[in-house]
Amino acid sequence: MSMFEATGVGSHPGEDHFEALRVVFGELPGLPYLPELPGRGVGADLVGRTAALLVDLPVEVQPSGWRLSDRPGRDHHRAVDHLRRDLDGLEEVGHDYAGPLKLQVCGPWTLAGAIELKYGDKMLADAGAVRDLTASLAQGVADHVAEVRRRLPGVTEIVLQLDEPGLPGVLAGTVPTASGFGRLAAVEGSRVAESMRLFGDPIVHCCAPSVPLRLLRTAGVRGVSVDASLLSRRDDDAVGEALEAGLLLFLGVVPGTDTRLPDTGVVARPAVDLWRRLGFPPDKLAGQVVLTPACGLAGASPRYARAALAACRKGAQVLRDDPASGLQAG
């Protein structure tokens, strides 16, 4: 059985990283994570925060967005400072924690579609640049993981999540050029699969439609993280194949922004309904499905963010303690 049960996607509202960490460790004792607070501004956003991990590839902010630069400047230092403060907070809040911990970074393909080369188009337009970026990111992530392990010796394993909201567009050839007037050529699935293997066995998060489930399964990832509301019955075969192959399914079951949260049974229902359609045995459900919010919580109120994580944890308890009754109901 998966011991994870429930977790969050990554981002939180506000600017108080200590408070976000306390919420995460308090509400998600099975799989806490290092929260991201993009509301703090430049360098705390998904791209800037991950760019702070890159080895020998400094970036800076231009009016058009993030771009490679000759040397680390103010924007790069700001991103590094945010991350260092977050790690200090993690060490303080989680000093006596023992168990698995999740870390999130922007995946190489979404990153390549967001960062521009020094003179011209996005990194995604240049296969050599993408290779360099992926290698730099893989090294930077390995260093990041090693530092977290050093600071929190009680962590039993690091679950790495690659955030790839841009991946469907990369594969479909719909990512706009830097000018915005054209589209970058579609990338072959084999290149994507090859890049994923540099990160060990990550969880790939994609809260966009058309998640490439079959490609990710063949790439050897540990699991996929998706928004349950974006899965349709057309995806059942690919989801079923992924689960049969032993992948974990991180299923987003509560909205990422403020709403009235439903009863626990309703929170668990998307997982229960999917399992019933696929015809899998009830006792396997809690072992492969981890409940999460549908996406990050940066757009939520702090009160809702806490409640959403608690709702995922309680929904996961239903899957674990009484999966058969959920599968028979309704």
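This text goes with the structure placed above it.
Draft legend 1. Spatial organisation of the sheet that holds strand β5 (residues 203–205). Spatially, the six strands line up as an open sheet ordered β3-β4-β5-β6-β7-β8, and their pairing is parallel. If you trace the sheet from one side to the other, it starts and ends with β3 (99–106) and β8 (289–293), each paired once. Strand-to-strand twist of the sheet, defined as the mean angle between neighbouring strand axes without regard to direction, takes the value 25°. Bridging between β5 and strand β6 (residues 223–227) involves three bridges; their strand directions are parallel. Of the residues in β6, the one forming a bridge with Ile203 is Gly223. Along the sheet, helix α10 (residues 264–278) contacts β7 (248–254) and β8; its crossing angle with β7, the most-contacted strand, is approximately 135°. Each of β7 and β8 touches helix α12 (residues 302–321); the most contacted strand, β8, lies at about 160° to it.

Draft legend 2. Region of interest: the state of the cysteines. Counted according to the given criterion, the structure contains one disulfide. Across a sulfur-sulfur distance of 2.4 Å, Cys207 and Cys295 are joined as a disulfide pair. Taken as a pair, Cys207 in the loop between β5 and α8 (213–218) and Cys295 in the loop between β8 and α12 lie far apart in primary sequence, 88 residues in all. Of the residues examined, Cys295 reaches a relative accessible area of 26% and is grouped as partly exposed. Summary of cysteine pairing: Cys106 is not part of a disulfide, and the nearest cysteine sulfur, belonging to Cys206, is at 11 Å.

Draft legend 3. Molecular detail of the packing of helix α1 (residues 17–27) against α12. Relative to each other, α1 and α12 sit at 15°, their axes nearing to 9 Å. One element, α1, and the other, α12, form an angle in the roughly parallel class. The interaxial crossing formed by α1 with α12 has right-handed handedness. Where α1 abuts α12, its residues Glu19, Val23, Val24 and Glu27 lie against Arg306, Leu309, Ala310 and Arg313.

Draft legend 4. Geometry of the environment of Leu162. Its place among the elements puts Leu162 in strand β4 (residues 155–163). When its relative accessible area of 0% is taken as the criterion, Leu162 is described as buried. Residues Leu162 and Met196 lie 34 residues apart in sequence; the distance between their C-alpha atoms is 9.1 Å. Leave out the neighbours within four places in its chain, and Leu162 touches Val105, Gly107, Pro108, Met196, Phe199, Pro202, Ile203, Val204 and His205.

Draft legend 5. Examining α12 more closely. With 20 residues, α12 extends 29 Å from end C-alpha to end C-alpha; this agrees with the ideal 28 Å at 1.5 Å per step. Listing the buried residues of α12 in full gives Tyr304, Ala305, Ala308, Leu309, Ala310, Ala311, Cys312, Gly315, Ala316 and Leu319.

Draft legend 6. Expanded view of the side chain of Gln104. Along the chain, the position of Gln104 falls in strand β3. Of the residues examined, Gln104 reaches a relative accessible area of 7% and is grouped as buried. There is a polar contact of 2.9 Å between the side chain of Gln104 and the backbone oxygen of Leu34. Separated by 3.0 Å, the side chains of Gln104 and Glu36 make a polar contact. If we ignore the near neighbours within four places in the chain, the residues touching Gln104 are Val9, Gly10, Tyr33, Leu34, Glu36, Gln161 and Asp163.

Draft legend 7. Main features of the pairing of β7. Among the seven residues that make up β7, seven are buried, leaving the element largely enclosed by the rest of the structure. Looking at chain direction, β6 and β7 are connected through five bridges and run parallel. Across the sheet, the residue bridging to Asp227 is Gly252, located in β7. Chirality of the crossover, the property in question, places the unit of β6, helix α9 (residues 236–244) and β7 among those that are right-handed. With five bridges joining them, β7 and β8 adopt parallel strand pairing. Along β8, the bridge assignment pairs Leu251 with Leu291.

What counts, and at which threshold
For every chain, the first residue of the written sequence is number 1, and numbering continues from 1 along that sequence. Given that the model is predicted, a residue must reach a pLDDT of at least 70 before its local features are reported, and side-chain atom pairs must reach 80 or more before they are shown or counted; all residues, however, enter totals for whole chains, interfaces and linings. Side-chain measures here rest on the full set of heavy atoms in the structure, leaving out hydrogens and waters. Here, any two strands with at least 2 DSSP bridges between them count as paired. Strands here mean DSSP runs of E at least two residues long; helices mean DSSP runs of H or I at least four residues long; both are numbered from the N terminus. All axes here are fitted lines through C-alpha atoms, helices being fitted over the stretch that makes contact, and every angle between N-to-C directions spans 0 to 180 degrees. In what follows, residue pairs with any heavy atoms lying within 4.5 Å of each other are defined as contacts. By definition, disulfides here are pairs of cysteine sulfur atoms that lie within 2.5 Å. Think of it in three bands: with a 1.4 Å probe and only protein chains considered, a residue is buried below 20% of the maximum accessible area for its type, exposed above 50%, and partly exposed in between. Comment on the angle field: the value is read as roughly parallel under 35 degrees, roughly antiparallel over 145, roughly perpendicular from 65 to 115, and oblique elsewhere. Crossings are classed by handedness, with left-handed meaning an anticlockwise turn of the near helix from the far one by less than a right angle and right-handed meaning a clockwise turn. An expected span of 1.5 Å times one less than the residue number is assigned to each helix. N or O atoms closer than or at 3.5 Å make up a polar contact, with two conditions inside protein: a donor-capable atom paired with an acceptor-capable one, and, for residues adjacent in sequence, both atoms drawn from side chains. Assignment of crossover handedness uses the view with strands pointing away from the viewer, where a clockwise path from the first strand over the helix to the second indicates a right-handed crossover.

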